[in-house]
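Report on the structure
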Amino acid sequence: MKIMKFGGTSVGRPERMHQVKDLITRGDEPTIVVLSALSGTTNALVGIGEALAAGDKSLAKERIDTLHAHYLAFYPALVQTAEARAKAEEIIKEHFEFLNILLKISFNEAINRDILAQGELLSTKLFFTLLGELQIPAVFLPALDFMSIDENSEPELPKISEKLKAILAQHPKERLFITQGYICKNHRNEVDNLKRGGSDYTASLVAAAINASVCEIWTDIDGMHNNDPRVVDRTRPIAEMSFDEAAELAYFGAKILHPASIWPAQLYNVPVKLLNTMEPTAHGTLIKAEVETTGVKAIAAKDGITAIKIKSSRMLLAYGFLRRIFEVFEKYKTPIDMITTSEVAVSVTIDDLSHLEQIQAELESFGTVEIDRNQAIICVVGNKVAETKGAVQSVLDSLINIPVRMVSFGGSKHNVSILVDAQYKTQALKSLNEGVFTW
């Protein structure tokens, strides 16, 4: 059995849903299809939740009506028969009645999570209606019946696997299953989610849970590119890469893949393919356990970074000093991206500023604290890049005209990370594109 995940742009128009229908029915292998919300829907739902949280029910109503109008214009082009259109209309009515009811009750975070779930529920039900109209046999597989997270918001993979296998066993002759990405149940049995981009995560978790033959991630770009095509003119898709390389790139800014979505597939050695819905014959990118190529393979950038330097000649060499530094970040559940040390200072980077003031206050007990905001991490990734002769030199030579704040090298043999002020990000990406790749 294989997994096929389609993102928001892949289902964002009626004609694209028809393309997805063609893609999932062209092979013989049993398939679980994971769908995101229609493009723009999750952002709209976030806006509705924000308006309700602010107590602005008039704005919330306006946003609900705008989104409702979009779906009312969407379904007539999706399905043609009177029966299918009636079903689609009823689906849309049900979900927007729910959103409108929220205007009359007190808002809380649990309700907000219910709001965010509506996008995937709508897209999968409408797509399932299309399959029914075309008499394509399929099973509707609600993600809320098997996808769960624990009290730390971590997926419960053994439990997911047990529940999902039991459901699939009830349909031994069926070959097509439709489910939602992103949404799940939490440890309180409430509707929750895997955070933004979580449909990739869902697909990888499902692939791991059933030990799938492959996990296909279908988007609107032909695979992982060797640089950011939005800011660099000459980029190219990468044919193959390892799980380790893909994980580094996803974490450090490659937008095509959710950062958490690699480890479940890697854990169970399920190959991941990144493919283009708009060009289904394109090779895309294959991600697997081992690759033979070495050297620099791709570059990504992560924005919104803040650097924190703790300077203390008195304590740095003292036993346990670094542990106490890290305990401050652990206390506030704030992950660290990069770290460098010298004899008198420690520098770290973070991208979650929720508790920056508290973190800074506690760190000041250790020494002088300097904060640099608006930074960017440039991540240079390649199989054994740290061991490839001349690779690191070419990276540093490419950045000779750019002020570099930090360099992290040696923590991973697949990654060299450079911190620069955000104003130099685009220049750095372009310079590296010319300096490290042979065109």
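Throughout, residues of each chain are indexed from 1 in the direction in which the sequence is written. In keeping with the predicted nature of the model, local features appear solely for residues at pLDDT of at least 70, side-chain atom pairs appear and are counted solely at 80 or more, and the whole-chain, interface and lining totals rest on all residues. The side-chain values count all of the structure's non-hydrogen atoms but skip hydrogen atoms and water molecules.

Here is the rule: UniProt positions are given in the numbering used here, feature names are shortened, and annotations may be inferred rather than shown by experiment.
By the naming in an unreviewed UniProt entry, the protein chain is Aspartokinase, taken from Algoriphagus aquatilis. Quoted verbatim from the Catalytic activity (unreviewed entry) field of the UniProt record, the comment on the protein chain reads "L-aspartate + ATP = 4-phospho-L-aspartate + ADP". Under the UniProt heading Sequence similarities (unreviewed entry), the entry covering the protein chain gives this text: "Belongs to the aspartokinase family."

**Notes on the sheet that holds strand 10 (residues 285–288)**
The strands making up a sheet associate through hydrogen bonds between their backbones, and the pairing can be parallel or antiparallel. In plain terms, the rule: Paired strands, as defined in this entry, are two strands with at least two bridges between them according to DSSP. Numbered from the N terminus, helices here are DSSP runs of H or I no shorter than four residues, and strands are runs of E no shorter than two. Whether two residues touch is decided by their heavy atoms; if any such pair falls within 4.5 Å, the residues are in contact. Simply put, an axis is a line fit to the C-alpha atoms, just over the touching stretch for a helix, and the angle between two N-to-C directions goes from 0 to 180 degrees.
What the eight strands build is an open sheet, ordered 3-4-2-1-7-9-10-8; its pairing is mixed. In this open sheet, the two strands that pair with only one neighbour each are strand 3 (139–140) and strand 8 (240–242). Here strand 3 pairs with strand 4 (residues 176–180) via two bridges, running parallel. The partner of F140 across the bridge, within strand 4, is I178. The strands that helix 5 (residues 109–133) touches are strand 2 (31–35), strand 3 and strand 4; relative to strand 4, the one it contacts most, it runs at about 155°.

**Some points on the pairing of strand 2**
Selection rule: Residue exposure (1.4 Å probe, protein chains only): buried if accessible area is under 20% of the type maximum, exposed if over 50%, otherwise partly exposed.
With five of five residues buried, strand 2 is to be regarded as a mostly interior element. Of the two faces of strand 2, the one lined by T31, V33 and L35 and the one lined by I32 and V34 are each fully buried. One ladder, built from five bridges, connects strand 1 (residues 2–6) with strand 2; its direction is parallel. Of the residues in strand 2, the one forming a bridge with K5 is V34. Taken together, the five bridges between strand 2 and strand 4 define a ladder with parallel strand orientation. Looking at strand 4, one finds that I32 is bridged to F177.

**Considerations on the nonpolar core**
Threshold: Nonpolar cores were defined as sets of buried Ala, Val, Leu, Ile, Met, Phe, Trp, Tyr and Cys residues, with membership established by side-chain atoms within 4.5 Å.
One finds I3, F6 and I24 to be the most contacted residues of the largest nonpolar core, which totals 103 residues. Counting residues per element, this core draws most heavily on helix 5, at ten residues. In this structure, F6 is in contact with V11, V20, L23, I24, V33, V34, L35, S36, W218 and T277, ignoring residues within four places of it in sequence. Counting residues in each nonpolar core, the second largest holds 21 residues, with V380, A391, V416 and I418 among its members.

**Brief notes about unusual backbone geometry**
One non-glycine residue, Y182, lies in positive phi territory at about 80°. Position of Y182 among the secondary structure elements: in the loop between strand 4 and strand 5 (183–185).

**Focus: the packing of aromatic side chains**
Rules: The rule is short: rings of Phe, Tyr and Trp, with Trp giving its six-membered ring, pair when the centres are within 6.5 Å, and they are stacked under 30 degrees, edge-to-face over 60, tilted in between.
Applying the stated rule across the entire model yields four aromatic pairs. On the basis of an interplanar angle of 20° and a centroid distance of 5.8 Å, the ring pair of F6 and W218 is categorised as stacked. Taken as a pair, F6 in strand 1 and W218 in strand 7 (residues 215–219) lie far apart in primary sequence, 212 residues in all.

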